Amino acid sequence: MNNPLAVYLQDHLAGSVQAIQLVEFLRDQHPNQALGRFAEAMLIEIKADQETLRSVSERVGNGASEVKELAAWIAEKLTRLKLRAEDETSLGTFEALEFLELGIHGKWALWRALHEIAASDARLGAIDFKRLAARAEAQRAEVEDRRLELARTALLSPQS
């Protein structure tokens, strides 16, 4: 493809598919628990971000790449094998939050890059990428707080 921006957006759309699947997994694995409620709230924002990204991708190029989104979906399903956890203090849950945080950091970087080029590309002009980047940073901080809360119980061996 000759449109690097379209490819970049498709890559991030595929990543958003994986993030949504991961957050839905956390929600479903921890119903009626603080982590499940947190995941449910986070899911609303991540889906809204994905819709914004999908809209931008459609304006810039061909929209989403079904192949990339399918690959992301499969990768998330494989990740579940490692992350399956019975309780919210397990290593799998800790790592799921770490993966999520890394993905949100990528989304923050995306919004910042799009803000940088928005003045030069009329297809991007009407979107407040600074606000989206700030929301991504707030999401990342929330996930990081939860991840660090689990660090001690997930990473330290039980004392005898």
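Residues numbered from 1 in each chain as written. Predicted model: local features only at pLDDT ≥ 70, side-chain atom pairs only at ≥ 80, totals over all residues. Heavy atoms only, no water.

Chemist: Quick question: what am I supposed to make of unusual backbone geometry here?
Modeler: What is expected of a backbone is that most residues other than glycine have negative phi and most peptide bonds are trans. Located in the positive-phi region is Asn 32, a residue other than glycine, with phi close to 60°. Secondary-structure assignment places Asn 32 in the loop between helix 1 (4-29) and helix 2 (34-60). Given the relative accessible area of 75%, Asn 32 is considered exposed. (Helix = DSSP H or I, 4+ residues; strand = E, 2+ residues; numbered from the N terminus. Buried < 20%, exposed > 50% of the residue type's maximum accessible area, 1.4 Å probe, protein only.)

Chemist: Even after reading the chapter, I still don't get the packing of helix 4 (residues 91-118) against helix 5 (residues 129-155), so can you show me in this structure?
Modeler: Each pair of packed helices gets described by two things: the angle between the helix axes and the distance between those axes. At a closest axis distance of 8 Å, the pairing of helix 4 and helix 5 adopts a crossing angle of 165°. Classified by the angle between their axes, helix 4 and helix 5 sit roughly antiparallel to one another. Taken as a pair, helix 4 and helix 5 cross one another with a handedness that is left-handed. Taken together, the residues of the contact of helix 4 with helix 5 break down into 18 nonpolar, three polar and 10 charged. (Axes fitted to C-alpha atoms, helices over the stretch in contact; angles between N-to-C directions. Parallel < 35°, antiparallel > 145°, perpendicular 65-115°, else oblique. Left-handed = near helix turned anticlockwise from the far one by under 90°. Nonpolar A, V, L, I, M, F, W, Y, C, P; charged D, E, K, R; others polar.)

Chemist: Please explain the layout of surface pockets as it appears in this structure.
Modeler: With a probe scaled to a water molecule rolled over the atoms, the places where space remains empty come into view. Taken as a whole, the largest pocket holds about 370 Å³ of empty space. Forming the boundary of the largest pocket are 21 residues, of which Gly 15, Ser 16, Ala 19, Gly 103 and Ile 104 lie nearest the centre. Among the elements of the structure, helix 1, helix 2, helix 3 (66-83) and helix 4 are those that each provide at least two residues to the lining of the largest pocket. A per-element tally of the lining of the largest pocket places helix 4 first, with nine residues. (1 Å grid on protein atoms, 1.4 Å probe; cavity = no way out; pocket = protein on both sides within 12 Å on 5 of 7 lines; lining within 4 Å. Points joined across faces, edges and corners; volume = space filled by probe spheres on them.)

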